[in-house]
Amino acid sequence: GTPIPVKGCISIVTDGFGVPIACIETESVDHIPFKDVTEAMAIREGEGDLTLEDWKAGHWDYWNKYDGPQTGLEFSENEMIFMESFHVLNVFSKKSTW
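All values reported here derive from a predicted model rather than from experimental measurement.

> Sorry, what's going on with the confidence of the model for the protein chain here?
Should pLDDT be low for a region, the predicted coordinates there are not to be read in detail. When pLDDT is averaged along the protein chain, the result is 89; 94% of the residues meet or exceed 70. The spread of mean pLDDT over the elements of the protein chain runs between helix α2 (residues 52-71), the lowest at 88, and strand β2 (residues 20-33), the highest at 95.

> How should the nonpolar core be read in this particular structure?
I32, F34, V37, A42, L52, W55, F75, I81 and M83 together form the largest nonpolar core, which totals nine residues. Listed by contribution, the elements that provide at least two residues to this core are α2 and β3 (80-91). When neighbours within four sequence positions are excluded, I32 is seen to be in contact with V37, M41, E79, M80, I81 and M83.

> Looking at this model, I keep getting lost on a nonpolar patch on the surface. Mind explaining?
A cluster of nonpolar side chains, contributed by F86, V88 and V91, occupies part of the molecular surface with about 250 Å² of accessible area. Structurally, the position occupied by V91 is in strand β3.

> For this particular structure, what's the right way to read the side chain of K56?
Among the structural elements, K56 can be located in helix α2. Put simply, K56 is tucked away with no salt bridge, and the nearest opposite charge, on E77, sits 4.4 Å away. Of the polar contacts made by the side chain of K56, one reaches the backbone oxygen of K35; its length is 3.1 Å. With sequence-adjacent residues up to four places away left out, K56 is seen in contact with F34, K35, V37 and E77.

> When you look at the pattern of salt bridges in this model, what are you seeing that I'm missing?
Any two side chains of opposite charge can pair, so long as their charged atoms come close to each other. Evaluated as defined, the whole model comprises one salt bridge. For the salt bridge of E27 with R44, the shortest nitrogen-to-oxygen distance reads 3.1 Å. Taken together, the residues E27 in strand β2 and R44 in helix α1 (residues 39-45) connect sequence positions 17 residues apart. The class for E27 is partly exposed, based on a relative accessible area of 33%.

> Would you take a moment to explain α2 for this structure?
Each α-helix turn comprises 3.6 residues. Residues three or four places apart therefore point the same way. A maximum bend of about 35 degrees is found in α2 at W63. When α2 is considered as a whole, its buried residues turn out to be L52, W55, K56, H59 and G68. Looking at the buried side of α2, the elements it contacts are α1 and β3. Looking at the residues trailing α2, positive phi occurs at G72, about 80 degrees.

> Help me out: how do you make sense of a negative patch on the surface in this one?
A contiguous patch of negative charge, built from E39, E45, E47, D49, E53 and D54, is present on the exposed surface. Listing elements by their share of the negative patch, those giving two or more residues are α1 and α2. Following the sequence through the fold, E39 ends up in helix α1.

Criteria and thresholds
- Residues numbered from 1 in each chain as written.
- Predicted model: local features only at pLDDT ≥ 70, side-chain atom pairs only at ≥ 80, totals over all residues.
- Heavy atoms only, no water.
- pLDDT = per-residue confidence, 0-100.
- Helix = DSSP H or I, 4+ residues; strand = E, 2+ residues; numbered from the N terminus.
- Core = buried A, V, L, I, M, F, W, Y, C linked by side-chain atoms within 4.5 Å.
- Buried < 20%, exposed > 50% of the residue type's maximum accessible area, 1.4 Å probe, protein only.
- Contact = heavy atoms within 4.5 Å.
- Patch = residues over 30% accessible without salt bridge, like charges linked within 9 Å, V, L, I, M, F, W, Y side chains within 5 Å.
- Areas by Shrake-Rupley, 256 points an atom, 1.4 Å probe, with all protein chains shown as cover.
- Salt bridge = Lys/Arg side-chain N within 4 Å of Asp/Glu carboxyl O.
- Lys, Arg positive; Asp, Glu negative; His and termini not counted.
- Polar contact = N/O pair within 3.5 Å; in protein donor to acceptor, adjacent residues only side chain to side chain.
- Bend = angle between axes of the 7 residues up to and from the residue.
- Charge placed at Lys NZ, Arg CZ, Asp CG, Glu CD.

Given below as structure tokens:
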């Protein structure tokens, strides 16, 4: 049910409590199978140790252990995913409420 962003879309990023922390503009959105995510895409996301293997393992675990059971869906290597690239327009707060 989450809207898929498109190029030029401006969004507000919130923390875990819904407090706005930044404003971003979508540069591009790739719709690709999970198995086709590249090392460059994984590095750009900036999570974990910045390797494709770590990115895939972390996302695979999350989608299969959390999203899957909540939605009743099974995730596979062929699952189509969205990879959004964006730039930050403004940071509202550098301090998290966590």
